[in-house]
Amino acid sequence: KSAEWYLKFGSNQDCIPLERYQALCYCSKAMREFRDSQAIQVALMAVELFPQYKDAYLELAHSYLRFNQLENAIHFAQLSDILIEKYKAKIIFIGTEKEKELINDIISQTKNEVINAAGKLSLQELFALIKSADLLISVDTGPMHIAAAFKTPVIALFGAGNPEIWHPYSKKAVSIIKNNVCNSCMKLKCPRKGEKEKECMKAIKIEDILSLVGKIR
């Protein structure tokens, strides 16, 4: 019923454009669990009707990475090299234009060639890339749910987010969260300082991720 209400609101031309756009995005999110293909179509419709807001959508999808500076918490460079050497994987980092430099810093630490697609993809291109991927490794972001909708295998890394609420709805998805440290505070920026800062993400080790790669692919 919530999806139907959001769709009706988003289709109402008498409402404010930004609110219509947001309603369509919420409708898409509400549909993911039981109507995957329709969820994708509603998300695309939102962008086609209101292209002026699409960057805001992508910004929300990836803001968790930037605010938590996860390049210091999870060693994505080392993880990329292992996946390339063990599985001959082709690694593509996604993100917004604002995250391009951050991802370049990660890539500079790799021994192998990887691609930085941050800021280069439209929402439609992002959907197509995720749909064609063999695996998505992601923190708690929008692309994680897009992968779940497309049945793309996804390993979701949770720290501040609560996987009981936000886990990807797919049989091809698995979530990692460390319960022996502070977690699920739902804050965009870690309030802790010193060694305790971002401990929810630091506790996730490369081995935790690699142990799932062969099982989920």
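The preceding data block contains the structure.
Residues numbered from 1 in each chain as written. Predicted model: local features only at pLDDT ≥ 70, side-chain atom pairs only at ≥ 80, totals over all residues. Heavy atoms only, no water.

With respect to the environment of Ile115
Within the fold, Ile115 resides in strand β2 (residues 115-116). Overall, the relative accessible area of 34% leaves Ile115 in the partly exposed class. Through-space distance from the C-alpha of Ile115 to that of Phe93 is 6.2 Å; in sequence the pair is 22 residues apart. Leaving out residues up to four positions away in the same chain, Ile115 has contacts with Lys90, Ile91, Ile92, Phe93 and Ile107. (Helix = DSSP H or I, 4+ residues; strand = E, 2+ residues; numbered from the N terminus. Buried < 20%, exposed > 50% of the residue type's maximum accessible area, 1.4 Å probe, protein only. Contact = heavy atoms within 4.5 Å.)

Considering the packing of aromatic side chains
According to the stated counting rule, one finds one aromatic pair in the structure shown. Consider the rings of Phe127 and Phe150, whose centres lie 6.1 Å apart with planes at 80°: the pair is edge-to-face. Of this pair, Phe127 sits in helix α7 (residues 123-132) while Phe150 is found in the loop between α8 (142-149) and β4 (154-157), placing the two residues 23 residues apart along the sequence. (Phe/Tyr/Trp six-rings, centres within 6.5 Å; stacked < 30°, edge-to-face > 60°.)

Details of unusual backbone geometry
We note that Lys88 has phi near 55°; this positive angle belongs to a residue other than glycine. Relative to the elements of secondary structure, Lys88 occurs in the loop between α5 (76-87) and β1 (92-93). Owing to a relative accessible area of 77%, Lys88 belongs among the exposed residues under this scheme. With a phi angle near 55°, Ser184 is a residue other than glycine that sits in the positive phi range. Summarising the element assignment, Ser184 is placed in the loop between β5 (173-176) and α10 (199-202).

Description of the pairing of strand β3 (residues 136-139)
Sheet topology places β3 next to β4; four bridges connect them, and they run parallel. Across the sheet, residue Ser138 finds its bridge partner in β4, namely Ala156. The β-α-β motif built from β3, the intervening α8 and the parallel element β4 has right-handed crossover chirality. (Pairing = 2+ DSSP bridges. Right-handed = clockwise from strand over helix to strand, strands pointing away.)

Remarks on the packing of α5 against helix α11 (residues 206-216)
Between α5 and α11, the least distance of the axes is 11 Å, while the angle of their chain directions is 30°. One way to sum up the angle between α5 and α11 is to call them roughly parallel. Relative to α11, α5 is oriented so that their crossing is right-handed. Contacts between α5 and α11 involve Gln78, Leu79, Ile82, Leu83 and Tyr87 from the first element and Ile206, Ile209, Leu210, Val213 and Gly214 from the second. Residue classes in the contact of α5 with α11 are distributed as eight nonpolar, two polar and no charged. (Axes fitted to C-alpha atoms, helices over the stretch in contact; angles between N-to-C directions. Parallel < 35°, antiparallel > 145°, perpendicular 65-115°, else oblique. Left-handed = near helix turned anticlockwise from the far one by under 90°. Nonpolar A, V, L, I, M, F, W, Y, C, P; charged D, E, K, R; others polar.)

Digging into the packing of α7 against α8
The contact between α7 and α8 brings their axes to 9 Å, and the two run at 55°. The angle between α7 and α8 places the two elements in the oblique class. Judged by the sense of rotation from one axis to the other, the crossing of α7 with α8 is right-handed. Residue-level inspection shows Leu126, Phe127 and Ile130 of α7 in contact with α8, the latter providing Pro143, Ile146 and Ala147. When its residues are assigned to classes, the contact of α7 with α8 shows six nonpolar, no polar and no charged.

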